[in-house]
Every structure is written in C-alpha cells, then in structure tokens.
Amino acid sequence: MIWSKKKERSTRQPKEMLLNEGTPFFLTEAYRNLKASISLSIPKKQDGKAVSFFITSAFPNEGKSVISANLALMFALSEAKVLLVDADMRRGTLYKYFSLPHKPGLSELLSGGASLEEVVQRTSAHENLSVICAGSSTPNPYELLGSDSMAEVYGELSGRYDYIIFDTSPLGMMADSLALVPYVDGAAVVCGYMSSTYRDLKGVVGKLQFSRCKVLGVILNGYEERGRGYGRYGYNYRYGEAGDGAGN
Ligand SMILES: Nc1ncnc2c1ncn2[C@@H]1O[C@H](COP(=O)(O)OP(=O)(O)OP(=O)(O)O)[C@@H](O)[C@H]1O
Ligand SMILES: [Mg+2]
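Residues numbered from 1 in each chain as written. Chains lettered and ligands numbered in written order. Predicted model: local features only at pLDDT ≥ 70, side-chain atom pairs only at ≥ 80, totals over all residues.

J.: Outline the overall build of the protein, supporting the account with residue identities and numerical values.
T.: Helix and strand content of the protein: 8 helices and 8 strands. The contacts of the protein with a sequence gap of at least 6 include a subset with a gap of at least 24, amounting to 75%. (Helix = DSSP H or I, 4+ residues; strand = E, 2+ residues; numbered from the N terminus. Contact = placed C-beta atoms within 7 Å.)

Next comes the structure, spelled out in structure tokens:
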C-alpha cells in the first residue's frame, strides 16, 4: 500500500511506495488510467522505435520520482519493454525505489566513464523494467543531456525498448529537462497538491511549449479526498493540453 494518510508520507521507504499486491485498488486504477491516457496521446512509432516522455514539475518534492517509478512499472506490467532513466543528475533518487546501486549511472555514461551495459540495470520489480540511475552528481546536467553522447545513447536505446521514461529535475527551477526535448514525444507535468499554483504551472507549461515540447497533461499528486471517513491521497490527470486549471 502506498499513498495513504498524510502523516505517514514522510515515514515510508521509497520501495514501499512502489505498486504492489497490497496497493489500494483506487490507486492502481489511477495509475492504469494515467498509463492509458499517456499511451493514447503518443501514438506508437511506425519504425518500432521507443515512445518516450519525461516527467517534470515546477518545484522539488512534488512527486515526480514516485510517479515516474510507478508509471514505468505500470507500462512494464502490460508486457512492454520499459527503460526508466533518472535524468535528475543533481539529486537522483530512483535507485532507492528499486534498491539499486546509485552509480555508475547516466552521468558516468554521458561523460564517458561507463558503458551502456554497465549502467542499464534490471529490476526485481518486473522483468520488463530496467533502470538507468542518475550516477554521480554533476554540476552541468544540461550540457550532458544536450551532448553528442546523449544523441548516440538515445539512438541505441530507442531501438531496444518500447517505452523510455525520464524522471527529471523541477523545470520551474532549472532548465535541465529541456535538453531532452529533441528526443522525447512529450512531457507530463506533476503538480503537488497545495504546492504549485496555477501560475507556477503556467510557467512550466509555457517553457515546454516555447521549446516545442508536446505537453501531455498535468498530474495532480497528493490530493486528499475528504468526506469518506478518512483522508487519502490520490491523483488526477488532466488530459490534453495542459495549463487549463489543474492548479490549486
Ligand atoms: N501522493 C503521495 N503520497 C504520499 N507520499 C508521497 C506522495 N507523493 C510523493 N510522496 C513522497 O514525497 C517525497 C517526494 O516525492 P518525490 O521524490 O517523488 O518528489 P520529486 O518531485 O521527485 O522531488 P525532487 O524534485 O526533489 O526529485 C517522497 O518521500 C515521496 O515518497
Ligand atoms: Mg525526484
């Protein structure tokens, strides 16, 4: 079971946040809907290359990493071959969700310190799900993501997987994720409930649109539903063009 009462939020270990048999139905269903909405908004490629997108938000701690991890798992459960890439090379956390070594990871790969074979790690969460962790923290993620080695690596990976999902740093604070725009089919924006305002979201969506990145939608995370006898966390996905009011 993952998202439940607010007071438990900080005490849960990342790996306990992954979807599992004990996850409440409403939450698994919400992820299923999210996966379906994203699949529908990005058509499969004629040439068989991977469909790819990144997840961003205005600010830190809005739930990008937990949503990226569970979404990747959801795609893997539908028999697709999935690669989840921790492109937050400032403070990547995906290794915690899958109990993997943090490095070597993307930063070593892009700076020539490790090979693709060394950084792609299989997970025990699902046989179809592999992860590239962020690796050592680097002061220049934008440059690494925009480098020729990224183009080379992406070209190689897009022939091996059905879906490539990038977890990124908050676009409201740093531009790193924009370096991925040439590679991906779109981006989804996470909005932490009571965290980003409508204006913050508009700023992020504006940056994506200015970079000609397709905005897949806004994911409202941590919304506490009341009036059912107990508070619970869930999320909502606004499908289609974002910026239409998923803020607080
Ligand atoms: N809906 C939720 N219910 C309970 N806990 C949550 C929820 N969403 C996120 N969390 C928790 O909040 C913390 C921040 O989430 P997460 O690391 O996914 O955010 P992030 O946007 O990736 O942050 P950063 O920008 O720092 O990478 C984590 O401890 C995570 O487990
Ligand atoms: Mg994160």
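Continuing now.
J.: Lay out unusual backbone geometry in plain terms, naming residues and giving numbers.
T.: Residue K103 is joined to P104 through a cis peptide bond whose omega torsion reads 5°. As for its position among the elements, P104 is in the loop between α3 (94-97) and α4 (106-110). The backbone of E79 shows a phi angle near 75°, a positive value even though the residue is not glycine. Mapped onto the elements of the fold, E79 is located in the loop between α2 (64-77) and β2 (82-86).

J.: Go over the packing of helix α1 (residues 25-41) against α2 with me, naming the residues and quoting the values.
T.: It is at 10 Å that the axes of α1 and α2 come closest, and there the two elements cross at 75°. Overall, the two elements α1 and α2 adopt an arrangement that is roughly perpendicular. Within the contact between the two elements, α1 uses Y31, R32, L34 and K35 and α2 uses N70, L71, M74 and F75. Residues belonging to the contact of α1 with α2 are distributed by class as follows: 5 nonpolar, 1 polar and 2 charged. (Axes fitted to C-alpha atoms, helices over the stretch in contact; angles between N-to-C directions. Parallel < 35°, antiparallel > 145°, perpendicular 65-115°, else oblique. Nonpolar A, V, L, I, M, F, W, Y, C, P; charged D, E, K, R; others polar.)

J.: Break down the pairing of strand β1 (residues 51-57) for me, with residues and values.
T.: Burial analysis of β1 places 7 of its 7 residues in the buried class, which makes it a mostly covered element. On β1, burial covers both faces: V51, F53, I55 and S57 on one face and S52, F54 and T56 on the other are all buried. In this structure, β1 lies alongside strand β5 (residues 163-167), joined through 5 bridges in parallel fashion. Its bridge partner lying in β5, I55 is registered against D167. Strand direction decides the pairing type here: β1 and strand β6 (residues 187-192), joined by 4 bridges, are parallel. Within the sheet, the bridge partner assigned to F54 lies in β6 and is A187. (Buried ≥ 20, exposed ≤ 12 C-beta atoms within 10 Å, placed from the backbone. Pairing = 2+ DSSP bridges.)

J.: With reference to specific residues and values, describe the pairing of strand β4 (residues 129-132).
T.: Burial along β4 is two-sided: the residues L129 and V131 and S130 and I132 are all buried. Sheet topology places β2 next to β4; 4 bridges connect them, and they run parallel. Of the residues in β4, the one forming a bridge with V85 is I132. Here strand β3 (residues 120-122) pairs with β4 via 3 bridges, running antiparallel. Across the sheet, the residue bridging to Q121 is V131, located in β4.

J.: Tell me about α2, and please be specific about residues and values.
T.: For α2, with 14 residues, the first-to-last C-alpha span of 20 Å sits near the 20 Å given by 1.5 Å per residue. Most of α2 is tucked away, with 13 of its 14 residues classed as buried. E79, located one to two residues past α2, shows a positive phi value of around 75°. (Expected span 1.5 Å × (residues − 1).)

J.: How would you sum up the confidence of the model for the protein? Please name residues and give values.
T.: When pLDDT is averaged along the protein, the result is 88, and 85% of the positions lie at 70 or above. Confidence over residues 1-8 falls short of pLDDT 50; this stretch has 15 contacts with residues more than four positions distant or in other chains. Here residues 227-233 scores under 50 on pLDDT; set against residues more than four positions off or in separate chains, the count is 12 contacts. (pLDDT = per-residue confidence, 0-100.)

J.: How would you explain the environment of R122 if you had to name every residue and give the values?
T.: Along the polypeptide, R122 turns up in strand β3. Overall, R122 belongs to the partly exposed group, with 13 C-beta atoms counted inside 10 Å. Distance in space between the C-alpha atoms of R122 and L100 is 9.1 Å, their sequence separation being 22 residues.

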